[in-house]
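Notes for the structure review
The chain contents come next:
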Amino acid sequence: MMDNSAHQNYLHIDVHPVSGALGAEITGVDISLPLDAEVVSEIRNALLSHLVIFFQNQVITPQQQLNFAEQFGTPMEYPQLKGLPECPLVTEVIKLEHETLNFGGVWHSDTTYIKQPPMASMLYAIEIPPYGGDTLFSNQYMAYETLSDGLKKTLSELVAVNTSSKPEVSMTREDRMREAGMELNVLSALHPAVRTHPETGSKALYVNIAHTTHFEDWTEQESKSLLEFLFQHQVRPEFTCRFRWEKNSLAFWDNRCVQHNPVNDYQGFRRIMHRVTIAGDKPY
């Protein structure tokens, strides 16, 4: 469970919670520079406590964003998009003025259709619309903890089937992949419906509407009612926070216990972000 660590002592950074459920803004650090081990440790603690952390007014190049990410883990290629030519582990996430769909515009946990989904993602704002384009985040520890004991017991034995081809999300990336000359390969992976966070030991609900199709050994029809309940439950307003981007903002979220949803409410405007994905381990 998240610790709203007003009581936690940070000596090198300042941590300001943004909601009761999750999220904190970090100040007092310049992420363009190499950081001391103590600073990295405090930022990691803030991430584990608040699940998603935000940095404002950070002027960084793609290489500096990658360098910052490398202090917390191993950056990985994003399986469905090509990276920047000069910095392949940094992916550009773009919505252009004429486009109506945005990339990943549905609640999801990143790439749960691969066997080792990412530990975390970092998104940096290059160009933002004059209004709109916020990102919502939801605390999946809370989503799990607020279930009944009976449903927790049922879910403890279930394995979720995740795929990259669910129409809710695949259509938001297919144009980008075609433009890059990439094949539309279907990826799939099995993960427990409830995962144990490897660093905190807490349990988090680990299904999502973008990628989870059914439970292993259940049909899609049998799975449908339970999944629909979980998809609605896990993004209840009291589990969420909303981040309003500014140019040079960076958000860093823990993919193991957080879902996010980029709001598509800025038609006619361009939004350009740079993303780095940090490799994770196999959920258990």
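For the structure given in this document, a descriptive report is provided here. In this text the structure is predicted, and so the values were computed from the model without any measurement.

**Structural notes on the overall build of the protein chain**
Secondary structure summary: the protein chain contains six helices and 17 strands in total. In terms of C-alpha radius of gyration, the protein chain reaches 18 Å, essentially the compact-globule figure of 19 Å for 284 residues. C-alpha extents for the protein chain along the principal axes are approximately 50 × 50 × 30 Å. Looking at the protein chain residue by residue over its 284 residues, the buried ones come to 57%. Contacts in the protein chain between residues at least 24 apart in sequence constitute 83% of all its contacts with a sequence separation of at least 6. Here the protein chain displays about 12400 Å² of accessible surface, and carbon together with sulfur accounts for 52% of that area.

**Some details on the sheet that holds strand β16 (residues 258-262)**
Strand order in this open sheet of three strands is β14-β8-β16, and the pairing throughout is antiparallel. Where the open sheet ends on each side, the last strands, each with one partner, are β14 (240-243) and β16. Averaged over all adjacent pairs, the angle separating strand axes in this sheet is 20°, with direction ignored. Where strand β8 (residues 135-139) meets β16, five bridges bridge the pair, whose relative direction is antiparallel. Residue pairing for β16: L136 is matched across the bridge by N261.

**Focus on the pattern of salt bridges**
Per the stated rule, a full pass over the model turns up 10 salt bridges. One salt bridge connects R275 with D110, and the closest N-O pair in it is separated by 3.6 Å. Taken as a pair, R275 in strand β17 (residues 271-278) and D110 in the loop between β6 (87-95) and β7 (120-127) lie far apart in primary sequence, 165 residues in all. On the basis of relative accessible area, R275 is assigned to the buried category, the value being 7%. The exposure class of D110 is buried, given its relative accessible area of 2%. Put simply, R256 and E199 hold a salt bridge, and the shortest N to O gap is 2.8 Å. Residue R256 is located in the loop between β15 (250-254) and β16, and its partner E199 is located in the loop between β11 (194-196) and β12 (203-205); the two are separated by 57 residues in the primary sequence.

**Re the environment of K153**
Residue position: K153 is located in helix α4 (residues 149-156). Considered as a pair, K153 and P79 are 74 residues apart in the sequence and their alpha carbons are 33 Å apart.

**Digging into helix α6 (residues 220-233)**
Here α6 contains 14 residues, and its C-alpha end-to-end distance of 19 Å stays within 8% of the 20 Å for a straight helix at 1.5 Å per residue. Its axis deflected by about 30° at L226, α6 carries its strongest bend there. By the burial criterion, the buried members of α6 are S223, L226, L227, L230, F231 and H233.

**As for the sheet that holds strand β13 (residues 212-215)**
Read from one edge of the open sheet, three strands run β10-β9-β13, paired in antiparallel fashion. Both outer strands of the open sheet, β10 (188-192) and β13, are each paired with one neighbouring strand and no more. Adjacent strand axes in the sheet meet at a mean angle of 30° when their direction is disregarded. As paired elements, strand β9 (residues 159-163) and β13 share three bridges and run antiparallel to each other. Of the residues in β13, the one forming a bridge with N162 is T212.

**Quick notes on the side chain of T213**
Note on placement: T213 falls in strand β13. For T213, a relative accessible area of 18% corresponds to the buried category. Side chain to side chain, T213 and H214 meet in a polar contact 2.8 Å long. Those residues in contact with T213 that sit more than four places away from it in its chain are V161, T163, K166, E220 and L227.

**Comments concerning the pairing of β8**
Look at any regular strand and the pattern is simple: side chains alternate between the two faces of the sheet. The buried count for β8 comes to five of five residues, which makes it a mostly enclosed element. A two-sided burial pattern is seen for β8, the buried positions comprising T135, F137 and N139 on one face and L136 and S138 on the other. In this structure, β8 lies alongside β14, joined through four bridges in antiparallel fashion. Note that in β14 the partner of F137 across the bridge is C241.

How each quantity is defined
- Residues numbered from 1 in each chain as written.
- Predicted model: local features only at pLDDT ≥ 70, side-chain atom pairs only at ≥ 80, totals over all residues.
- Heavy atoms only, no water.
- Helix = DSSP H or I, 4+ residues; strand = E, 2+ residues; numbered from the N terminus.
- Rg over C-alpha atoms; globule rule 2.2 N^0.38 Å.
- Buried < 20%, exposed > 50% of the residue type's maximum accessible area, 1.4 Å probe, protein only.
- Contact = heavy atoms within 4.5 Å.
- Areas by Shrake-Rupley, 256 points an atom, 1.4 Å probe, with all protein chains shown as cover.
- Pairing = 2+ DSSP bridges.
- Axes fitted to C-alpha atoms, helices over the stretch in contact; angles between N-to-C directions.
- Salt bridge = Lys/Arg side-chain N within 4 Å of Asp/Glu carboxyl O.
- Expected span 1.5 Å × (residues − 1).
- Bend = angle between axes of the 7 residues up to and from the residue.
- Polar contact = N/O pair within 3.5 Å; in protein donor to acceptor, adjacent residues only side chain to side chain.

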